Every structure is written in C-alpha cells, then in structure tokens.
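# Reading the structure
What follows is the residue order along each chain.
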Amino acid sequence: MGFMISDLRERPEFFPVVSDRVWNFTWKAKGLSLEQVSAGLRELISDQAFPFVIVAHDGERYVGSTLGIASDLDERPEYTPWVAAVWVEPEYRRQNVGRSLVSHAAERLLQTFQRVHLCARPARHDFYARQGWVPIEYEVGEKLLTVFIRE
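Analysis parameters
Residues numbered from 1 in each chain as written. Predicted model: local features only at pLDDT ≥ 70, side-chain atom pairs only at ≥ 80, totals over all residues. Heavy atoms only, no water. Core = buried A, V, L, I, M, F, W, Y, C linked by side-chain atoms within 4.5 Å. Buried < 20%, exposed > 50% of the residue type's maximum accessible area, 1.4 Å probe, protein only. Helix = DSSP H or I, 4+ residues; strand = E, 2+ residues; numbered from the N terminus. Contact = heavy atoms within 4.5 Å. Axes fitted to C-alpha atoms, helices over the stretch in contact; angles between N-to-C directions. Left-handed = near helix turned anticlockwise from the far one by under 90°. Nonpolar A, V, L, I, M, F, W, Y, C, P; charged D, E, K, R; others polar. Expected span 1.5 Å × (residues − 1). Arc of directions from axis to C-beta. Phe/Tyr/Trp six-rings, centres within 6.5 Å; stacked < 30°, edge-to-face > 60°. Pairing = 2+ DSSP bridges. Patch = residues over 30% accessible without salt bridge, like charges linked within 9 Å, V, L, I, M, F, W, Y side chains within 5 Å. Areas by Shrake-Rupley, 256 points an atom, 1.4 Å probe, with all protein chains shown as cover. Salt bridge = Lys/Arg side-chain N within 4 Å of Asp/Glu carboxyl O. Lys, Arg positive; Asp, Glu negative; His and termini not counted. Charge placed at Lys NZ, Arg CZ, Asp CG, Glu CD.

It is worth spelling out the nonpolar core at this point. Within the largest apolar cluster, 25 residues are counted, with the highest numbers of intra-cluster contacts made by Leu8, Phe14, Val18, Leu41, Val53, Leu73 and Trp82. When contributions to this core are tallied by element, the ones reaching two or more residues are helix H1 (15–27), helix H2 (34–44), strand S2 (52–58), strand S3 (61–69), strand S4 (82–88) and strand S7 (145–150). With near-sequence residues (within four places) excluded, Phe14 lies in contact with Leu8, Val55, His57, Gly59, Glu60, Arg61 and Tyr62. Counting residues in hydrophobic clusters, the runner-up holds 21 residues, among them Val63, Leu101, Val102 and Phe148.

In structure tokens, the structure reads:
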C-alpha cells in the first residue's frame with residue numbers, strides 16, 4: 001500500500017476525520033467536545049505556514065496525521081515548536097506511516113526553527129530514538145513522558 005503526505009489545507013476533505021482522531025486520542029478524556037477540538041484545529045490551520053496539520057492518505061482514504069504546533073507539554077512552555085498528536089490508523093501501522101509523518105513534520109519545522117521537540121510515553125522511546133530523536137528529559141508530567149529533540 002502506498003500513501004502520500006499532504007498539508008491538511010490542501011486536502012480539506014480529511015478535516016473531519018483528523019478532528020475526530022485528535023479528539024479521541026487526546027482531548028475526549030480531558031472533557032473537551034469534538035466541536036471544541038474542530039474549532040481549535042480550524043484556527044490552527046488558519047495561518048499559511050505555522051502551525052500546521054499534515055495528513056497521510058492512500059488516495060481518498062485517511063491513513064494518519066500529525067501536527068506541527070507551538071506547545072505540546074504544559075510542563076514545558078519554554079520549549080517550542082513540537083511535532084504532536086501523531087496518529088496512524090491501526091491497519092496502516094508498521095508500514096512506516098508514523099515514521100514518515102514525524103519526519104515530514106520535523107523537516108518542515110527545521111526549515112524555520114533550530115530545534116524541534118516531541119514527547120512520548122516510555123513505550124514509544126525506541127521508536128523515536130531509532131529515528132534520530134534525542135531524549136533530553138524523562139518522566140515529565142503525570143504521564144511520565146520522555147521529551148525528545150531533533151536539531
């Protein structure tokens with residue numbers, strides 16, 4: 001199966017599914033509504049450069065997505081920017097979709113910024129370390145996240 005990566009602004013038909021995945025993965029448990037998350041994403045992509053949402057798709061089928069945003073970890077407001085909310089549909093996992101999304105987002109951010117951040121649960125440490133992300137902090141916040149950088 002092949003897939004392409006596009007800016008969500010160029011493929012707005014994927015907006016509803018991206019909103020749903022970001023909401024389910026991150027915000028639903030925190031009490032936000034899908035409508036609130038959709039409004040936030042709409043605002044996020046209102047600028048033409050940063051922040052941004054990228055989507056992986058196989059033709060007209062959603063495969064995954066990620067965000068390039070200013071802040072992703074309340075405990076570290078001084079760090080910016082971040083690759084965040086990486087999601088790959090279960091049937092597309094282990095096909096380099098996540099790796100491609102993260103790499104694409106990081107490369108795009110590194111065109112403007114000297115350092116890019118990413119945080120992940122301990123179980124995902126090796127996935128990011130194998131891609132060249134360097135851990136700089138461990139056990140941050142209640143989820144005990146690892147903070148990684150790429151320069």
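On we go.
Moving on, we come to the packing of H1 against H2. Running from N to C, H1 and H2 point in directions that differ by 120°, and their axes come no closer than 9 Å. H2 is crossed by H1, and the crossing has right-handed handedness. Here Phe15, Val18, Ser19, Asp20, Val22, Trp23 and Trp27 of H1 lie close against H2, whose contacting residues are Leu34, Val37, Ser38, Leu41 and Arg42. Along the lines of polarity and charge, the residues of the contact of H1 with H2 split into eight nonpolar, two polar and two charged.

Glancing now at helix H3 (residues 97–110). In this model, H3 (14 residues) spans 20 Å end to end at C-alpha, consistent with the 20 Å of a helix rising 1.5 Å per residue. Listed in full, the buried residues belonging to H3 are Val97, Gly98, Leu101, Val102, Ala105, Ala106 and Leu109. Axial view of H3: buried residues confined to an arc of 160°, hence all on one face.

So, about the packing of aromatic side chains. In this structure the tally under the stated criterion is five aromatic pairs. Seen from their ring centres, Phe25 and Trp87 are 5.6 Å apart, and the 55° between their planes marks the pair as tilted. Taken as a pair, Phe25 in helix H1 and Trp87 in strand S4 lie far apart in primary sequence, 62 residues in all. Residue Trp87 is classed as partly exposed on the basis of its relative accessible area, which comes to 21%. Geometrically, the ring pair formed by Tyr128 and Phe148 is tilted, given 5.8 Å between the ring centres and 50° between the ring planes. Taken as a pair, Tyr128 in helix H4 (residues 125–129) and Phe148 in strand S7 lie far apart in primary sequence, 20 residues in all.

Our next topic: the pairing of S3. Most of S3 sits out of view: eight of its nine residues are buried. By the bridge criterion, seven bridges tie S2 to S3 in an arrangement that is antiparallel. Bridged to Ile54 within S3 is Thr66. Two successive antiparallel strands, S2 and S3, enclose a turn made up of two residues, where Gly59 displays a positive phi of approximately 65°. When S3 meets S4, the two strands line up antiparallel, connected through five bridges.

Together, Arg93, Arg94, Arg124 and Arg130 line one region of the surface with positive charge. Looking at the element boundaries, Arg124 is found in the loop between strand S5 (116–120) and H4. What makes Arg124 partly exposed here is its relative accessible area of 41%.

Inspection of the entire model under this criterion finds nine salt bridges. A salt bridge links Arg11 to Glu13; its shortest N-O distance comes to 2.5 Å. The exposure class assigned to Arg11 is buried, which follows from its relative accessible area of 16%. In this structure Glu13 comes out as partly exposed when scored by relative accessible area, which is 42%.

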